[in-house]
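Residues per chain are reported as follows:
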Amino acid sequence: MRVVIADDEKFVLVVLKSALRSVRFPIEIVGEALDGDDAYRLCCKKKPDLLITDICMPRKDGLDLLAKLRETQPELPVIIYSGFDNFSYAQKAIHYGVEEYLLKPMNCPHHCEIYRSKPRSYKDLPLRFAEFGTVYRYEQSGELHGLTRVRGFTQDDAHLFCRPDQLKDEFLKVMDIIFIIFKALDFENFEAQISLRDKVNRDKYIGSEENWEKAESAIIEACQEKGLKAKIEYGEAAFYGPKLDFMVKDAIGRRWQLGTIQVDYNLPERFGLEYTGEDNKKHRPVMIHRAPFGSMERFVAVLIEHTGGKFPLWLTPDQVAILPISEKFNDYAYEVKRQLEAEDLSVLVDDRNEKIGRKIRDTELKRIPYMLIVGEKEAENNEVSVRKQGEGDKGSM
């Protein structure tokens, strides 16, 4: 495939070339342009199979390029990339008949559109849509931090549409899901935070005062019913509604938000979501945003630090290491391995020609939960000697 690339920033062209060269599909870059006129001339001269361009090039309006190409090369495919600050250009591009793709910052509008795709009855509610959706946020470079704060991440995102009388029950069920997850992963010392509007500056929030009061009251009442001691933080709410955040500390005591539940009366109103009630009239559903893990990348990072790599037995990649004392007992070690794998355990055999003390030390450093030592006595008695990671000898079995 022959490609022309166009952007007014040289470093962006360098990044584009690097990205295209890493693609397995054979691509030849036949031209690079720093403005719309150069890109147009290259397209006319080189007759590429594809043009990749920024929608807004300050030196020469990118839309001029698109308009010219629509007249002279209407069949030429064009990939356009654009920042969120160029929305007006995106609208013009659509006017010119150009199909544009933007990075998705959130899943909420898409689930609202799915809800709105057909009429809904009060009997259909609660309606729950869930996905592991990848989204993108342009975090400032100084704010990026390993896996805990990134520009592209995956959320275990769900949106629950319910009647007002179902709100508290649905909220409590989501709280139960988060408690189950935290218990399974031994997150015992978490903090709950009720994030409400700023008391003074209300301009950054959408929706009516009445809807905000109902949403804030619903979260506070649900926490009281569960007996959950939650700290109230003003000014930490999302722009569309209050939320209940679950904060977990990492290995050095920093607090990170993981699970979150948000009550939203505003997006259903802005998207015109309705259901037909028992009275045969149209009503507005309430929306709950929930992400028990939050960002999967952040969750994994905090989990690694929280456990120091000592994952729960069900989660660790290698659950059992079998350590034969010498090569003479390798066959017995592999027989034990086959028996354990038949029970769906993940097992490895350390059959290196090393002393048993070295094998034990190396396995401890790998954070493998259980070690099974096998030697002459164990082979004769059809037994194994058990060691637990960090706790030492547990006897024979």
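Throughout what follows, the structure given in this document is the object of discussion.

1. Here's the deal with the sheet that holds strand β6 (residues 152-162)
Turning to step 1, where the next piece is worked out: Ordered in space as β5-β6-β13-β10-β9-β7-β8, the 7 strands form an open sheet in which the pairing is mixed. What marks the edges here is a single partner per strand, and that holds for β5 (127-136) and β8 (230-234). Averaged over all pairs of adjacent strands, the angle between strand axes in this sheet comes to 25°, irrespective of strand direction.
Turning to step 2, where the next piece is worked out: Alignment of β6 against strand β13 (residues 286-291), held across 5 bridges, turns out to be antiparallel. Opposite Leu160, over in β13, you have Ile288 as the bridge partner.
Turning to step 3, where the next piece is worked out: Helix-sheet contacts for helix α7 (residues 209-226) involve β7 (191-196), β8, β9 (243-249) and β10 (255-264), and the interaxial angle to β7 is about 160°.
Turning to step 4, where the next piece is worked out: Strands in contact with helix α9 (residues 296-307) are β5, β6, β9 and β10; relative to β10, the strand with the most contacts, it is inclined by about 140°.

2. Side note on the environment of Asp165
Turning to step 1, where the next piece is worked out: Residue placement: Asp165 occurs in the loop between β6 and α6 (167-184).
Turning to step 2, where the next piece is worked out: Sequence separation between Asp165 and Arg137 is 28 residues, and the spatial gap between their C-alpha atoms is 34 Å.
Turning to step 3, where the next piece is worked out: One polar contact links Asp165 to Arg163, side chain to side chain, over a distance of 3.1 Å.

3. Concerning the sheet that holds strand β15 (residues 347-349)
Turning to step 1, where the next piece is worked out: Read from one edge to the other, the open sheet built from 5 strands follows the order β15-β14-β16-β17-β18, with strand pairing classed as mixed. Strands with a single pairing partner mark the edges of an open sheet, and in this sheet they are β15 and β18 (392-396). Going across the sheet, the axis of each strand differs from the next one's by a mean of 25°, ignoring polarity.
Turning to step 2, where the next piece is worked out: When strand β16 (residues 370-374) meets strand β17 (residues 385-388), the two strands line up antiparallel, connected through 4 bridges. Each residue of the ladder has a partner; that of Met371, found in β17, is Arg387.
Turning to step 3, where the next piece is worked out: Lying on the sheet, helix α11 (residues 356-365) is in contact with β14 (320-324), β16 and β17; it crosses β14 at an angle near 170°.

4. Brief notes about the pattern of salt bridges
Turning to step 1, where the next piece is worked out: Counting across every chain of the model gives 24 salt bridges.
Turning to step 2, where the next piece is worked out: A salt bridge links Asp38 to Arg41; its shortest N-O distance comes to 2.4 Å. Separated by 3 residues within a single helix, Asp38 and Arg41 lie in helix α2 (residues 36-46), roughly one turn from each other.
Turning to step 3, where the next piece is worked out: Owing to a relative accessible area of 28%, Asp38 belongs among the partly exposed residues under this scheme.
Turning to step 4, where the next piece is worked out: Put simply, Asp176 and Lys226 hold a salt bridge, and the shortest N to O gap is 2.6 Å.

Reading the values: rules and limits
- Residues numbered from 1 in each chain as written.
- Predicted model: local features only at pLDDT ≥ 70, side-chain atom pairs only at ≥ 80, totals over all residues.
- Heavy atoms only, no water.
- Pairing = 2+ DSSP bridges.
- Helix = DSSP H or I, 4+ residues; strand = E, 2+ residues; numbered from the N terminus.
- Axes fitted to C-alpha atoms, helices over the stretch in contact; angles between N-to-C directions.
- Contact = heavy atoms within 4.5 Å.
- Polar contact = N/O pair within 3.5 Å; in protein donor to acceptor, adjacent residues only side chain to side chain.
- Salt bridge = Lys/Arg side-chain N within 4 Å of Asp/Glu carboxyl O.
- Buried < 20%, exposed > 50% of the residue type's maximum accessible area, 1.4 Å probe, protein only.

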